[in-house]
Amino acid sequence: PWPPDGGFDHSMCMVPRFSCDTTISIVFAHDDQVGSAKNLYIQTACLYMNIFGKRFIRVQTLVLPTSTSVASLFRGSCSDAVISLMLKQAALNRLTAAWDPKKMEK
């Protein structure tokens, strides 16, 4: 399923192993206007194999109402999930940023 030339399709990712305690955070970004649509639809598929080699597919479809109010976006969200994602993003930004000792002195 993966291209032999090493090319990578950014709509897919491969994780070698999951446990029952594994969580994944994914950020979807949509830069275009949604127009007058009342809902947006997101569908994901996870292809996986159990320890006996049997293949499974799990498909999840999510319907999200559109909004023009930032307050309404966070009203229905899970604050634990939002904080967890923000902490992961902050840690990644800190790890990937160029280290400048002069900035650390301030």
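These numbers come from a predicted model, not from an experiment.

**A few points about the overall build of the protein chain**
- When helices and strands are counted, the protein chain shows three helices and two strands.
- For the protein chain, the N- to C-terminal ordering of α and β elements is β-β-α-α-α.
- Burial analysis of the protein chain (106 residues in total) assigns 0% to the buried set.
- Entry remark: accessible area of the protein chain is about 10400 Å², with carbon and sulfur atoms responsible for 60%.

**Examining the pairing of strand β2 (residues 55–65)**
- Where strand β1 (residues 39–49) meets β2, eleven bridges bridge the pair, whose relative direction is antiparallel. Looking across to β2, one finds that Asn39 is bridged to Pro65.
- Taking the residues that link successive antiparallel strands as the turn, the β1-β2 hairpin has five residues, and the phi of Gly53 there is positive, at about 90°.

**Some words on the packing of aromatic side chains**
- Under the definition given, this model contains one aromatic pair.
- Ring geometry for Tyr48 and Phe56: centres 5.5 Å apart, planes at 20°, overall stacked.

**Looking at a nonpolar patch on the surface**
- A cluster of nonpolar side chains, namely Val15, Phe18, Ile24, Ile26 and Phe28, defines an oily patch on the protein surface of about 510 Å² accessible area.
- Checked against the element boundaries, Ile26 lands in the segment before β1.

**Some points on the environment of Ala81**
- Within the secondary structure layout, Ala81 lies in helix α2 (residues 79–96).
- Judged by its relative accessible area of 46%, Ala81 falls in the partly exposed class.
- In sequence terms Ala81 and Ser25 are 56 residues apart; their C-alpha atoms lie 8.6 Å from each other.

How each quantity is defined
- Residues numbered from 1 in each chain as written.
- Predicted model: local features only at pLDDT ≥ 70, side-chain atom pairs only at ≥ 80, totals over all residues.
- Heavy atoms only, no water.
- Helix = DSSP H or I, 4+ residues; strand = E, 2+ residues; numbered from the N terminus.
- Buried < 20%, exposed > 50% of the residue type's maximum accessible area, 1.4 Å probe, protein only.
- Areas by Shrake-Rupley, 256 points an atom, 1.4 Å probe, with all protein chains shown as cover.
- Pairing = 2+ DSSP bridges.
- Phe/Tyr/Trp six-rings, centres within 6.5 Å; stacked < 30°, edge-to-face > 60°.
- Patch = residues over 30% accessible without salt bridge, like charges linked within 9 Å, V, L, I, M, F, W, Y side chains within 5 Å.
- Salt bridge = Lys/Arg side-chain N within 4 Å of Asp/Glu carboxyl O.

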